[in-house]
Each structure stands twice: as structure tokens, then as C-alpha cells.
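# Summary of structural features
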Amino acid sequence: MILSITRWSLAHKRLVVLLWLVITAIGFASVSRATGALSDQYSVPGREGYETNAAITRTFGTGGDRSPLVPVVTLPTGVSVDSPAVTRGLRRVTGAIEHALPGARIASYASTHDRAFVSRDGHTTFALVYPPPGAIGSFGTDPKAVKAASAAVRGVDVAGAPVHLTGLDALSSSGNRSGGLGLLLESLLGGGLALLVLVFVFASVMALVPLLVAVISIMTSFLAVWGLTTVTSVSSIVEFLIALVGLGVAIDYSLLIIVRWREERARGADREQAVMRAMQTAGRAVVFSGTTVAVGLLALIVLPVPFLRSVGLGGLLIPLVSVAVALTLLPVLLATVGPRLDWPHVRTDRDASRSWTRWSAWVVRHRLAGAGVAVAILAALAVAAATIHLGPASGSPNTISQRGGAHTGLVALERAGIGSGALSPIEILTPQARAGAVATTVDHVTGVQGAADPAGPSWTSHGRALVEVIPHTDSGSTVDRVADRAHAVGSHVRVGGVVAQNDDFISAVYGSFPLMVGLIALLTFVLLARAFRSVVLPLKAVALNLLSVAAAWGVLVLVWQHGYGSDALWGIPANGSIPSWLPVIVFAFLFGLSMDYEVFILARVREEYDRTGDTDRSITEGLARTGRLVTSAALILFLGFAAMATAPSTSVKMIATGLGAGILLDATVVRALLLPTAMSLLGRVNWWLPPRLARVLHPPEPVTEQPLERPSLAEPERA
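Residues numbered from 1 in each chain as written. Predicted model: local features only at pLDDT ≥ 70, side-chain atom pairs only at ≥ 80, totals over all residues. Heavy atoms only, no water.

## Focus: the overall build of the protein chain
Each helix and strand counted, the protein chain has 26 helices and 13 strands in total. Scaling as 2.2 N^0.38, a compact globule of 719 residues should have a C-alpha radius of gyration of about 27 Å, and the protein chain matches this with 29 Å. On the principal axes, the C-alpha backbone points of the protein chain span a range of 95 × 50 × 45 Å. Here the protein chain holds 719 residues, and the buried ones make up 59% of them. Restricting the contact set of the protein chain to residue pairs at least 6 apart, pairs at least 24 apart contribute 82%. Accessible area of the protein chain: about 26,600 Å², with a carbon and sulfur share of 62%. Distance between charge centres in the protein chain, computed from 55 positive and 46 negative side chains, equals 5 Å. (Helix = DSSP H or I, 4+ residues; strand = E, 2+ residues; numbered from the N terminus. Rg over C-alpha atoms; globule rule 2.2 N^0.38 Å. Buried < 20%, exposed > 50% of the residue type's maximum accessible area, 1.4 Å probe, protein only. Contact = heavy atoms within 4.5 Å. Areas by Shrake-Rupley, 256 points an atom, 1.4 Å probe, with all protein chains shown as cover. Lys, Arg positive; Asp, Glu negative; His and termini not counted. Charge placed at Lys NZ, Arg CZ, Asp CG, Glu CD.)

Here it is in C-alpha cells:
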């Protein structure tokens, strides 16, 4: 089928070029609409936290899964919170905010006289402000509400003390003002760094072709995702993944095909003959690689969380579009302007890289030592991954922003003993007649600052009321204790809030996580067993990928949970936890992306084994031929994620860290060291395929080529 597509593309060159130019132009014209159609949904249907939050939003118009803004005041020494001047000052603050945010739901000590809003020493007090529904920015924040509330409290004091507006949204907005390149500039930076690597690989103008393919793939992916948003919600995370993962994947596929095309040209094939042979070998590897990446993402649909399902559906379009461009447009470019672009041709592709030949030969000779080193590194990181602590989806409040009034307000809450939990209160939806009883019951739960049942139309509606519980931290165990007490009051009492919904997310996702892993492993096994005509190779590939993901998780834990690097690199202290959604995203994308390199190497090793029948020789030649390509491709992806890490959002930095470190580890420790040593140790066992399974899989016949002269491995030419 691949050769049929190639023949058709070469027979309709102008049509193919025109089609992709039109699609790309439409993609450029509609990219802003496509990104605007993305959402920040974070629902967990069927779970108490989510369903309660949805009911709160329907009944009161705000709150539930949205965290409040929190004005904080630390009173001067000798001034009591019960002072009339303080009460008047607090009312001025809440009045100014209510004027700036009409319809906001506000509670404070001035309106409730509840000590839940006051520190134990009586010197620090705060209010809860749930803004009305508004425009939601990146990662669920409401920057307009933050801006309006900040302006409202600016210059207002309480008994001479300034007001500091904090809250998860306020911290996020403050952090987002601290720099960052923006998505477009991050993509341009990633593309520029990629170009430097490609110039090194090709040493010719051909370095521009993979970038051209990447631009077309990215714009087409945005267009496809925009179409997808008309039938389902798609998470805004897909925007970052298209821009940066799409860049890496499209370049990967272009690299593999172009390098093989140049190799065939160096052996004497004309331009179109070289295209056909490259597509017969490298093109086939691209199809299987793109399919495995898509499978890794598609498996997210088994998770009972729409947010992750949308990432899977939107994300799988990236490799599929990249494969489509590589199979149709790239052959046309190579067959027409390829020879002119391959100038100046200062590096031959006829022979394997001398340095990679030496490395692969050394690895085969010292397979036990090499395997031991690789396993030791990966095992150490896997042990670190085992200590992972899943935290709030937004991350620790202390790491979101390190400066500004929002950070000052958070520090004031923590120093007063109230804690960061005030930024994400537990909201209890209860029959109005039981609100007082619920508040009294949960007021003294361990880990709780206090509980209040504010009065007024913004807190009671249609016979239902809200009770605000202020925890000291955003711990899920505190939510569980509060829920146990609250449920004992009555069957119609329900517990919600940001932390409750996050706990539901963890339970729903990680309860179904083994199913997702099993589905990915099964589909990957079937695809690779058919591709490489072996049972052992796909089993090993799945095992190595799982080990690679575990190592990436270990890096996340060390850098962000324990702070070994986050402070030195970004000035952000240890997070203490990893956002609950991040390990799943890293798993789905890294499993697919790292399979690229597995397929690239194994496809060439299998080809060499079919030719020589010698396992060690095929490993040496296969790695020598693909080593530079794989490491260059990984470096391009890593640089793309490094550019992504310049984003001001800590969440984006975490994504970049997990994927970037995972890709680098996978291409070096796993694919360049553990993969060849494991294959060498297994020997002929690598190629075992039971006859019955062979008939089920209907494997293709080994690739055959016209007898072109092949270089001797014993005399490699320096590349």
C-alpha cells in the first residue's frame, strides 16, 4: 500500500503540492480560531466531587470547581479583628470587589463574624470571593476577574494595613507576567534549534525540508483539531502538543526517509528509484511508528475523564497528519527538487557512520557491562518514580508564583497558621435547614481551620445552602475526613470543591490506568509483531518503553516533587507533589514518541538480519545506520521541549521536563545502550515467531531490493 501511495503521489505531483499548499494556507488562516475553540474542561462525571460542583454552579452560578480569589489582611500590632474600624475596612474591601465583579459570591469575617476567617492570633483575616462566570484563560484561570479584583483593592486599606489579593488564579496570573516567550515564539525557538541540528545532520540545504514538512503538518493538525472541536470538547493542552510534539514527530519522519533516500542515491539509484526504495523501507517504518504513537494516545479514551479523552483524540491527529505528509508530499519534493536541495553534498550516506559503527561494535562486545549500566540508571530513576505523590491539578500554590502581591498574600496566610488550604476551600452543598448543623459538625475536624455557613441570597437558594470549610492544606485526606462527618448529618449533604474533584480525578484515572496500559501494550504488540515478524521483539519493545516512562516519572519526581533542579533552573522550590493529570499525559505521549526510535532502529536491524542472518552483525549495522538519526531526532525533540520550558506556567514547565527528559533518556540509555545489549544477549531468540501466530498475523514478506553494491562493514567511511 505504501508503494501504491508513493506511485500515485509521483504521478500527480502538482496536485499533491497544490493540495498541501491549500490546506496549509487554510490552517494558517484559521489557527487563532482553532486555539480559541479549545477548552479547559476538567470534569469527572459520576463522582461526588464533580457532580456536587456542577450542582453548585447551576444553583449559585459560581464556585464549585472554580477556586476563589482571597483578599488577605495582616492587621497592625494591637489592632483587633473585632474593632469597628476593621469591620468597616473589610466591608470597604468586599464592597469594592462586589462593585468590580457584580454577582460575585463573597464571605468574610465582617459578613459572618465566623472565626474560620481569622487566624488563631487574631491578626490575619481573609475573605472568599467567587467571581461570576467569565472568560476562562489558559489552564482554567480567569485573568479578567483577577485584574478587576486587583484594581478594586488597590489603595484600599483595613485599619492602615494593605490588602493583598491571592488565590490560585491570582497566583497563576502573577506567574504568567514573569516572562516566557509565548507559544509562537517557543515554536520558533524550537524550530531554530532544530534547524541547527538538521544542518549538522545533512550539511546541505536539505536541512530545510524537514522543517517545511513540520510546518505543513502543524498547520494541518490545528485545522483538523478545529474540526474535531465542532463535535467534542478538546483540551487546551493539545495546543502545546501540536506545536512542539508535532514539530518533533514530523521532523523525525522526514529525517528517516530523507536519510534513506540519500543512502540509495549514494549507491547509484536515480531520484525516483531512490524515493521508491526509501519508501519501501523507511516509509514502512514511518507508518508503523506513526501508528504506534497514535495508538498510545488513542488509549486515553478508555479513561473515564473527558479531559484526557479529548487529549487522546486531539493528540492522535498529530502523528497521523505527519505520516500523511511524509508519505505524499515528501516523496514529491525528493523526486523533483531533492537533488538541487542536497547541496553542498559534503557528507556521504553510502556508508555507516564510523563513530556509530565503533560504538555499536563496542556495545555488542561488552553487552553484559552495557546492560548493567543502563539497567542501573533506569532502575534508580524508577525507584524515585515509586515515591510519586499525586497532588492538586494546578500544582502547589507555593510554586505557581514567587513574587508579587498574590505571593505575599499566600505567605501571610501560611505565617498566620491558616495555610494554603484557604485558596481551595471545601464546599458542602446541603439542605438549608441543615447548614448550621453541618458547619458545627465539620468545624473541628482535624486539619480544618474552621467552617462557616454564610447567609444571604448568594449563599442560599431554592432551599439549599453552601457551607465553606477552610482546610489548612489542600490534602485529600482532609476532604475524606470532612466528607465522613458531613455525610453523617444527612443523606442529601454532598461535598465538593477543587480538591474533592481532584481526588475524584485521581480515583477515576488511576483506577482505569492498568486497563489503558494493557490496551496500549496489546495493540503495540500486534503492530510490531506484524512489522518485525517476531514475538520477542515487540515484548521487549513494550518492556523497554514502560521502563523509559518510569524513568521519566523519576525525573519528574526528583526535579519537581523533591526540588533537585527546579530551584536552580527556574527559581521554583520543591513542589512536594506532581499534578494528578501529568503522569498520564507523560505516559501516553512518551510511550508513543519513544516507540519512534524503537521502530527506526529495529526496522533497520530486521532488514540487515534478513540480508545476513547474523544477529550481532545486524545489530551493529542497524545501530550504526540509525544511531545518528535517532540521537539527532531526540535532540530536536528535546530542544523543542526546552523551548516549551520557557513558558511562564509551572504546569507547562513540568510537561516539558517530563517529556524532554524522557526523550533524552530513551534515545541514549534505552535505545543506544540497553536495546542493542539486550538483543545481543538474546541472540536468535529475538526472531522467534510461532508458525500458528505467523498465520494469524499474516506478516509481510521481508523487504527485497535490487542487488546494489553494499559497502563492507569492516571498512566504514567516516560520516
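Text resumes after the structure shown.
## Overview of the nonpolar core
Counting 157 residues, the largest nonpolar core has Phe202, Ile251, Leu255, Met516, Phe587, Tyr597 and Phe641 as the members making the most contacts within it. At 19 residues, helix H10 (residues 237-266) tops the list of elements feeding residues into this core. Sequence-distant contacts of leucine 255, defined by excluding residues within four places in its chain, comprise Leu198, Val201, Phe202, Leu629, Ala633 and Ile636. Within the second largest apolar cluster, 53 residues are counted, among which are Leu101, Phe117, Ala416 and Ala452. (Core = buried A, V, L, I, M, F, W, Y, C linked by side-chain atoms within 4.5 Å.)

## Comments concerning the packing of H10 against helix H11 (residues 271-298)
One way to put it is that H10 packs onto H11 with a least axis distance of 8 Å and a crossing angle of 155 degrees. The orientation of H10 relative to H11 falls into the category roughly antiparallel. Pair H10 / H11 crosses with right-handed handedness. Counted by class, the contact of H10 with H11 contains 12 nonpolar, four polar and five charged residues. (Axes fitted to C-alpha atoms, helices over the stretch in contact; angles between N-to-C directions. Parallel < 35°, antiparallel > 145°, perpendicular 65-115°, else oblique. Left-handed = near helix turned anticlockwise from the far one by under 90°. Nonpolar A, V, L, I, M, F, W, Y, C, P; charged D, E, K, R; others polar.)

## What to know about the sheet that holds strand E6 (residues 161-166)
The four strands are arranged E3-E1-E6-E5 in an open sheet whose pairing can be described as antiparallel. Pairing within the sheet leaves two strands with one partner each, and these edge strands are strand E3 (124-126) and strand E5 (157-158). The pairing of strand E1 (residues 70-74) with E6 spans four bridges and is classified as antiparallel. Paired with proline 71 across the bridge in E6 is leucine 165. Packed onto the sheet, helix H17 (residues 404-415) meets E1, E3 and E6 and runs at close to 100 degrees relative to E6. (Pairing = 2+ DSSP bridges.)

## Thoughts on the pattern of salt bridges
Scanning the entire structure with this criterion turns up 21 salt bridges. As a salt-bridge pair, arginine 115 and aspartate 82 come within 3.6 Å of each other at their nearest N and O atoms. Highlighted residues: arginine 115 in the loop between helix H5 (109-112) and E3 and aspartate 82 in the loop between E1 and helix H4 (84-100), separated in sequence by 33 residues. For aspartate 82, a relative accessible area of 47% gives the class partly exposed. For the salt bridge of arginine 262 with aspartate 342, the shortest nitrogen-to-oxygen distance reads 3.0 Å. With a gap of 80 residues between them, arginine 262 in helix H10 and aspartate 342 in the loop between helix H13 (338-341) and helix H14 (354-365) connect regions that are remote in the sequence. We note that arginine 262, like aspartate 342, is buried. Several salt bridges converge on common partners, so that one network encompasses Arg260, Glu263, Glu264, Arg267, Arg277, Arg604, Glu607, Glu608, Arg611, Glu621 and Arg625. (Salt bridge = Lys/Arg side-chain N within 4 Å of Asp/Glu carboxyl O.)

## Comments concerning the confidence of the model for the protein chain
Confidence in the prediction of the protein chain, expressed as mean pLDDT, is 87, and 92% of residues score 70 or more. In this model, residues 177-181 is a region of pLDDT below 50 whose contacts with residues beyond four sequence positions or in other chains number nine contacts. In this model residues 703-719 is a low-confidence stretch, pLDDT under 50, and it forms 40 contacts with partners more than four residues away in sequence or in other chains. (pLDDT = per-residue confidence, 0-100.)

## Brief notes about a nonpolar patch on the surface
Together, Leu18, Val22 and Ile26 give the surface a local cluster of nonpolar side chains, amounting to about 260 Å² of exposed area. Topologically, valine 22 is positioned in helix H2 (residues 13-36). (Patch = residues over 30% accessible without salt bridge, like charges linked within 9 Å, V, L, I, M, F, W, Y side chains within 5 Å.)

## A look at the environment of leucine 689
Its location among the elements puts leucine 689 in the loop between helix H25 (650-682) and helix H26 (691-697). A residue is classified by how much of its surface remains accessible, and leucine 689, at 19% relative accessible area, is buried. Sequence separation between leucine 689 and valine 535 is 154 residues; the distance between their C-alpha atoms is 5.4 Å.

## Notes on the environment of alanine 361
Summarising the element assignment, alanine 361 is placed in helix H14. The class of alanine 361 is partly exposed, set by a relative accessible area of 21%.

## Re the packing of H11 against helix H23 (residues 582-612)
For the pair H11 and H23, interaxial distance at closest approach is 8 Å and the crossing angle is 155 degrees. What the angle tells us is that H11 and H23 run roughly antiparallel. Between H11 and H23 the crossing geometry is right-handed. Only Ala588, Phe589, Gly592, Leu593, Met595, Asp596, Val599, Phe600, Ala603 and Glu607 of H23 make contact with H11, whose side of the interface consists of Thr281, Ala285, Phe288, Ser289, Thr292, Val293, Gly296 and Leu297. Looking at the contact of H11 with H23 residue by residue, the classes come out as 11 nonpolar, five polar and two charged.

## A few points about the side chain of threonine 650
Checked against the element boundaries, threonine 650 lands in helix H25. Non-local contacts of threonine 650, meaning those with residues more than four positions away in its chain, are made with Thr399, Ile400, Trp560 and Ile572.

## Quick word on the packing of aromatic side chains
One pass over the full model with this rule turns up 11 aromatic pairs. Taken together, a centroid distance of 5.5 Å and an interplanar angle of 50 degrees make the contact between phenylalanine 117 and phenylalanine 126 tilted. Assessed through its relative accessible area of 0%, phenylalanine 117 is described here as buried. Where tyrosine 510 meets phenylalanine 513, the ring centres are 5.8 Å apart and the plane angle is 45 degrees; that geometry is what we call tilted. Within this pair, tyrosine 510 and its partner phenylalanine 513 are both found in helix H20 (residues 498-532), separated by three residues, close to a single helical turn. By relative accessible area, phenylalanine 513 is classed as buried at 13%. Here a set of aromatic residues connected by ring pairs shows up, and it is made of Tyr510, Phe513, Trp553, Phe587 and Phe591. Arginine 105 extends its terminal NZ or CZ atom over the ring of tyrosine 130, reaching a point 4.3 Å from the ring centre. Its end group placed over the ring of tryptophan 459, arginine 105 keeps NZ or CZ at 4.6 Å from the ring centre. (Phe/Tyr/Trp six-rings, centres within 6.5 Å; stacked < 30°, edge-to-face > 60°. Lys NZ or Arg CZ within 6 Å of the ring centre and 35° of its normal.)

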